[in-house]
Amino acid sequence: LEGGRERFVERLDSLFTTSSEILEGVPDVTGLIGQYAHGNEPSHHTIYLYNYAGAPWKTQNLVRKAMDELYHDGPDGLCGNEDMGQMSAWYVLSSMGFYPVAPGQNVWVIGSPEFSKVVLHLDKSYNKGTEFVIEAKNNSKANKYIQSATLNGKPLNKPWFDHAEMKNGGTLIFQM
């Protein structure tokens, strides 16, 4: 719809790089990266759209930028209104390395994990209490880009995976 992947990347780039000066002073517009307003929860998926255009490194860079610059452990540690936990949910999911871009789809889109290891203890009534482990090897502030990934021992060659691949437990390993 935007004229191809390259044009779509250009449009996304312009959102994140165009001056936000015209938005300054507008009520409830916070957490600006260019003209992208992270404090406006309905736009949280936008950072992850680069994955669909073949530029996952741009998603990885912006996810880390948002986590590093727009979240901290103080009374004003969120850049927007919490609105039923969405600001925190974005951070928790993104810090594990993925996010659900489209509600209603069982797809997790890859970002840039902040934690080196996370263990999700899955619902015992659902799957007999298995775990889903996310590991980010060689992870650091400088090593924010994913070089390769495996999901349950198989190469993950796309920047997303289905929930079905997580729900029965397993391991997602990122080499940063």
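Residues numbered from 1 in each chain as written. Predicted model: local features only at pLDDT ≥ 70, side-chain atom pairs only at ≥ 80, totals over all residues. Heavy atoms only, no water.

Visitor: Any chance you could explain the sheet that holds strand β4 (residues 107-110) here in plain terms?
Guide: Backbone hydrogen bonds hold the strands of a sheet together, and the pairing may be parallel or antiparallel. In spatial order, the strands read β3-β4-β9; together these three strands make up an open sheet with antiparallel pairing. Because the sheet does not close on itself, it has two edges, and the strands there are β3 (98-99) and β9 (160-162). Bridge count for β4 against β9 is three bridges, and the pairing is antiparallel. Of the residues in β9, the one forming a bridge with W108 is F161. (Pairing = 2+ DSSP bridges. Helix = DSSP H or I, 4+ residues; strand = E, 2+ residues; numbered from the N terminus.)

Visitor: Got a minute to help me understand the pairing of β4 in this structure?
Guide: Along any regular strand, the residues point their side chains to alternate faces of the sheet. Of the two faces of β4, the one lined by V107 and V109 and the one lined by W108 and I110 are each fully buried. Direction of pairing for β3 relative to β4: antiparallel, over a ladder of two bridges. Bridge pairing in β4 links F98 to I110. (Buried < 20%, exposed > 50% of the residue type's maximum accessible area, 1.4 Å probe, protein only.)

Visitor: Any chance you could explain helix α1 (residues 5-17) here in plain terms?
Guide: Helix length check: α1, at 13 residues, gives a terminal C-alpha distance of 18 Å against a target of 18 Å (1.5 Å per residue), a fit within 8%. Next to the buried residues of α1 lie β1 (32-33), β2 (36-37) and α2 (56-70). (Expected span 1.5 Å × (residues − 1). Contact = heavy atoms within 4.5 Å.)

Visitor: Explain the environment of I33 here, please?
Guide: Of note, I33 is situated in strand β1. On the accessibility criterion, I33 (3% relative accessible area) is buried. As for I33 and P56, which are separated by 23 residues in sequence, their C-alpha atoms are 18 Å apart. Residues within four places of I33 in sequence aside, it is in contact with L15, F16, L62, K65, A66 and L70.

Visitor: I'm lost on the sheet that holds strand β5 (residues 117-121) in this one. Help?
Guide: With respect to topology, five strands assemble into an open sheet ordered β5-β6-β10-β7-β8, the strand pairing being mixed. Single-partner strands in this sheet number two, and they are β5 and β8 (154-155). Pairing of strand β7 (residues 148-151) with β8 involves two bridges; the strand directions are antiparallel. In the strand pairing of β8, T150 is matched with P155.

Visitor: Looking at this structure, how should I read the environment of K65?
Guide: Among the secondary structure elements, K65 is positioned in helix α2. The class of K65 is partly exposed, set by a relative accessible area of 30%. It is 25 Å that separates the C-alpha atoms of K65 and E2, two residues lying 63 residues apart in sequence. Sequence-distant contacts of K65, defined by excluding residues within four places in its chain, comprise I33 and L70.

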